[in-house]
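Understanding the architecture of this molecule
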Amino acid sequence: MKLIKIFFYLYLPSLQDYNEQCPYSLSPVSIKSQKLLRSPRKATRKISKIPFKVLDAPELQDDFYLNLVDWSAQNVLAVGLGSCVYLWSACTSQVTRLCDLSSDSNTITSVSWSERGHQLAVGTQHGYVTVWDVAASKQVNKLQGHSARVGALAWNGDVLSSGSRDRLIMQRDTRTPAQVSERRLAGHRQEVCGLKWSPDNQYLASGGNDNRLYVWNQHSSSPVHSYSEHMAAVKAIAWSPHHHGLLASGGGTADRCIRFWNTLTGQPMQCVDTGSQVCNLAWSKHSSELVSTHGYSQNQILVWKYPSLTQVAKLTGHSYRVLYLALSPDGEAIVTGAGDETLRFWNVFSKARSQKENKSVLNLFTNIR
């Protein structure tokens, strides 16, 4: 009897098999479609709409042309507040003051960490740039030559590029005495407000208040590419770490567009109108996504997929233009700064949802000075 039952169960067609064979099924959905609907959905990545940390940043200037926030490979945040530079350790939350230029009646206009995070370059209103050994809290170089404020800085190894309101870009080796001759790049007709070296350190992209985007190589004194499609100042510049030669740039209030360029051929690529002044751009280290921060009129932070340019997330919270942006060394978080005198930390490129996001943001307000 048991053998008959086993035989019965082994050879009796299942109900699903019967439905697949039966042309008279009452369901309007095919068996294949039913299987698809029952299969588990791929979980979509959720980005928290609230910052996981907020720092108070008194005297953080509401000036589109400055670059006052940078995050080092050593996980230390540098912020220019008025005439001082403060360092905030993301590991210990300790705050230290690196320098104070008030005795010189000077203010900070840009900060930029070296690639290894052991030196910090500081641009000033008076036009000189100081280089600091952070571990020793000691100034190791003072680079003069600009006749107006230095709002943009970019490192390439030991070579520091600086862009100024005097319309010049200067490149100097920080290991040599300040008197050693420098390389000068003249092309912009107004203030230089954006500077970024390509990931392979072969090309320098510069943006200016003349609405121009230039790409320079290490040898020529003239740009190898010149782009004039933007209709407003170009401060936001970012090289893709995933696509060789791909450059993204964003225009100011009268432009509002993010444009993409193939610098290998010089050809323009996609363009998207964001509806707001584009203040900053940064690519994810882990995936083909990028984040943009905005000013007039929505003061928002947008995360985009590339190349589809679909919006992954829209983050709001700043009450002023989101003028400052830096990426964490692990590539998972960003910090944004605005004239509302706050720094906000967001998990935008996280591989997994952070436990920190579950905490109340009200408990995380801290003063940076």
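In this report, the structure presented in the accompanying data block is examined. Keep in mind it's a predicted model, so treat the numbers as computed, not measured.

Summed over the entire model, instances satisfying the criterion amount to nine aromatic pairs. With a centroid separation of 5.6 Å and 90° between ring planes, the pair formed by Trp71 and Phe345 is classed as edge-to-face. With a gap of 274 residues between them, Trp71 in strand E2 (residues 69-71) and Phe345 in strand E28 (residues 342-347) connect regions that are remote in the sequence. In this structure Trp71 comes out as buried when scored by relative accessible area, which is 10%. Seen in terms of ring centroids, Tyr227 and Trp261 are 4.1 Å apart; in terms of plane orientation they differ by 25°. Their pairing is stacked. With a gap of 34 residues between them, Tyr227 in strand E17 (residues 225-227) and Trp261 in strand E20 (residues 257-262) connect regions that are remote in the sequence. The class for Tyr227 is buried, based on a relative accessible area of 5%. On the basis of relative accessibility, which here comes to 0%, the residue Trp261 falls in the buried class. One aromatic cluster in this structure is built from Phe52, Trp71, Trp88 and Phe345. A cation over an aromatic ring shows up here: Lys142 above the ring of Tyr128, its NZ or CZ 4.2 Å from the ring centre.

In this section: the pairing of strand E4 (residues 84-89). Of all six residues making up E4, six are buried, and the element is well covered by its neighbours. Where burial is concerned, the two faces of E4 agree: the one with Cys84, Tyr86 and Trp88 and the one with Val85, Leu87 and Ser89 are both buried. Relative to E4, strand E3 (residues 76-81) runs antiparallel, the two sharing six bridges. Paired with Gly80 across the strands is Val85, a residue of E4. From the end of E3 to the start of E4, which pair antiparallel, there are two residues, and Gly82 there has a positive phi angle of about 65°. In this structure, E4 lies alongside strand E5 (residues 95-100), joined through five bridges in antiparallel fashion. The residue of E5 that forms the bridge with Cys84 is Asp100. Counting the residues in the hairpin turn of E4 and E5 gives five residues, including Ser93, whose phi is positive at 65°.

Scoring rules and cut-offs
Residues numbered from 1 in each chain as written. Predicted model: local features only at pLDDT ≥ 70, side-chain atom pairs only at ≥ 80, totals over all residues. Heavy atoms only, no water. Phe/Tyr/Trp six-rings, centres within 6.5 Å; stacked < 30°, edge-to-face > 60°. Helix = DSSP H or I, 4+ residues; strand = E, 2+ residues; numbered from the N terminus. Buried < 20%, exposed > 50% of the residue type's maximum accessible area, 1.4 Å probe, protein only. Lys NZ or Arg CZ within 6 Å of the ring centre and 35° of its normal. Pairing = 2+ DSSP bridges.

So, to be careful, I would describe these as geometric facts and stop short of saying anything about function.
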